[in-house]
Structure formats: C-alpha cells, structure tokens
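Per-entry structural report
Okay, here's what each chain looks like letter by letter:
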Amino acid sequence: MTNPITEAVADRSSNTLALLEEIVKHESPTNEKSALDQLTRFLQEQISLRNGAVERLQQDVYGDLLVARWPGNPELRPLFVMTHVDTVWPIGTLQRLPWRQEDGRQYGPGVFDMKASVAMMLTAIEIIQALGLARRPIVWMINTEEEVGSPVSRPVLERLALEAEYVLCLEP
C-alpha cells in the first residue's frame, strides 16, 4: 500500500527542485536589502499562489520580513514554522559557485542553509491543501537577518512562537 503523502512528494519533486533553483538564483546576502526584498517579493507571490495570506513587515536596514498564514480550525493554536533566506554569500557568488545538480545533489549558495527548506515548505503547503490535511492554522515566518542574529525579527519570532501550539525551525 502506498502512502499518499509520499506519492505527492515524489510527484512534486521536479517542481520543488525548479523552485529551489529559482530561490538560489536570487542571491540574498544579509547586508543586501534590495536583493532580499526581490527574493521576498518572489516568495510572497509563491505563497499567494498557495492561498496564503501574507503580511510584509517593512524593514529599514535588512530585507522585509514575511509572515504567511493559512487557516485551520480556529479553536486550535497554530503550527508556527520558521525559516530564513539571508545568506553569508556575497552578490556574485553564483558566478563562482553556480546552481547545479549532480549525482542527485543540488549545489549553490544557500541551498543547505536554508533555501531548500523554503522550497520544501512551499511544497508541503501544496500537499497539505491537495490532500485536505489542513487541521490547525499554519503560520510561517521568513526571516531576512538570521545570519546576524535576528536583531529585528526576534520579537516577532518570540511573539508568534508563544501563540503557537508547535514550533518548527526548518534549519538543517
């Protein structure tokens, strides 16, 4: 007997990898607000395509933060998911270390930390919706200054975590 979740993941694997490639090709070092804002605009569109309500928290120094929400049973406290898209890689790193797939592995600046997690979260939301698995509300925050200790996002992260029943950090 096959598992419908496993099947859904397998069915979407090439789309997830294409999404990861697009995310990686948006270079996003912590100190480059405009580059981060371009990436978060792309992610805001992706979240909206998956029926998420997105709140964009404007920032002066770092990239704008995103808080996405999907409804569920309002009597249940939400699942809170944390990710980040800022990297330690300066603009231009893709010229030296381009996106590539080799022997079933993906390479590029930020793939492991933690752009793959962002692509997988978008796919997970698709699967939850497609299979009718939404039970509790889901709140997802995309941080843009984690690599420098989350000086702006920390109070937001703490507040959302206190409101949640479960907290997941998708950091590998």
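Read on for an overview of the structure.

The rules behind these values
Residues numbered from 1 in each chain as written. Predicted model: local features only at pLDDT ≥ 70, side-chain atom pairs only at ≥ 80, totals over all residues. Heavy atoms only, no water. Helix = DSSP H or I, 4+ residues; strand = E, 2+ residues; numbered from the N terminus. Rg over C-alpha atoms; globule rule 2.2 N^0.38 Å. Areas by Shrake-Rupley, 256 points an atom, 1.4 Å probe, with all protein chains shown as cover. Lys, Arg positive; Asp, Glu negative; His and termini not counted. Charge placed at Lys NZ, Arg CZ, Asp CG, Glu CD. Pairing = 2+ DSSP bridges. Axes fitted to C-alpha atoms, helices over the stretch in contact; angles between N-to-C directions. Contact = heavy atoms within 4.5 Å. Parallel < 35°, antiparallel > 145°, perpendicular 65-115°, else oblique. Left-handed = near helix turned anticlockwise from the far one by under 90°. Nonpolar A, V, L, I, M, F, W, Y, C, P; charged D, E, K, R; others polar. Patch = residues over 30% accessible without salt bridge, like charges linked within 9 Å, V, L, I, M, F, W, Y side chains within 5 Å. Salt bridge = Lys/Arg side-chain N within 4 Å of Asp/Glu carboxyl O. Core = buried A, V, L, I, M, F, W, Y, C linked by side-chain atoms within 4.5 Å. Buried < 20%, exposed > 50% of the residue type's maximum accessible area, 1.4 Å probe, protein only.

The next thing to look at is the overall build of the chain. Within the chain, the regular secondary structure consists of six helices and seven strands. Ordering the α and β elements of the chain from the N terminus gives α-α-α-β-β-β-α-β-β-α-β-α-β. Here the C-alpha radius of gyration of the chain, 16 Å, is about what a compact globule of 172 residues would show, namely 16 Å. Seen along its three principal axes, the alpha-carbon backbone of the chain occupies a region of about 45 × 40 × 25 Å. When the accessible surface of the chain is totalled, it reaches about 9300 Å², and 54% of it is carbon and sulfur. Taken as two groups, the 16 positive and 24 negative side-chain charges of the chain have centres that lie 2 Å from each other.

This brings us to the sheet that holds strand β1 (residues 53–57). Strands sit in the order β1-β2-β6-β3-β7 across an open sheet of five strands; the sheet is mixed. At either end of the open sheet lies a strand with only one pairing partner, and these are β1 and β7 (166–169). Within this sheet the neighbouring strands show an average axis-to-axis angle of 15 degrees, counted without direction. One ladder, built from six bridges, connects strand β3 (residues 79–84) with strand β6 (residues 138–143); its direction is parallel. Within β6, the position partnered with H84 by the bridge is N143. Helix α3 (residues 33–49) rests against β1, β2 (65–70) and β6 of the sheet, and its axis sits at about 165 degrees to β1. Strands β1, β2, β3, β6 and β7 of the sheet are contacted by helix α6 (residues 154–163), whose axis makes an angle of about 165 degrees with β6.

This part takes up unusual backbone geometry. Cis rather than trans, the peptide bond between D113 and M114 has omega equal to -10 degrees. Within the secondary structure layout, M114 lies in helix α5 (residues 111–130). In the Ramachandran plot, N51 falls in the positive-phi region, its phi being about 65 degrees despite a non-glycine side chain. The backbone phi angle of D103 is positive, close to 50 degrees, even though this residue is not glycine.

At a closest axis distance of 9 Å, the pairing of helix α2 (residues 13–24) and α5 adopts a crossing angle of 135 degrees. Considered as vectors, α2 and α5 are oriented oblique to each other. Remark: the crossing between α2 and α5 carries right-handed chirality. Contact with α2, carried on its side by T16, L19, L20, I23 and V24, involves V111, K115, A116, V118, A119, M120, L122 and T123 of α5 and no other residues of that element. Its residues assigned to classes, the contact of α2 with α5 shows ten nonpolar, two polar and one charged.

For the rest of this paragraph, the subject is a nonpolar patch on the surface. A contiguous nonpolar surface patch, about 300 Å² in accessible area, is contributed by I5, V9, L131 and L133. Along the chain, the position of L133 falls in the loop between α5 and β6.

Grouped together as the largest cluster of nonpolar side chains are 27 residues, with contacts concentrated most on I23, L43, I47 and W140. Secondary-structure elements contributing two or more residues to this core are α2, α3, β2, β3, α5 and β6. Examining the composition of this core, we find that seven residues originate from one element, α5, more than from any other. L43 has contacts with I23, L66, V85, V118, L122 and I142, leaving out every residue within four places of it along the chain. V67, L157, L160 and A164 belong to the second-largest nonpolar core, a separate cluster that totals ten residues.

The subject of this paragraph is the packing of α2 against α3. In contact at an axis separation of 10 Å, α2 and α3 are set at 155 degrees when each is read in the N-to-C sense. Compared by their axis directions, α2 and α3 come out roughly antiparallel. Counting all contacts with α2, which are made through L19, E22 and I23, the residues of α3 involved are L39, F42, L43 and Q46. When its residues are assigned to classes, the contact of α2 with α3 shows five nonpolar, one polar and one charged.

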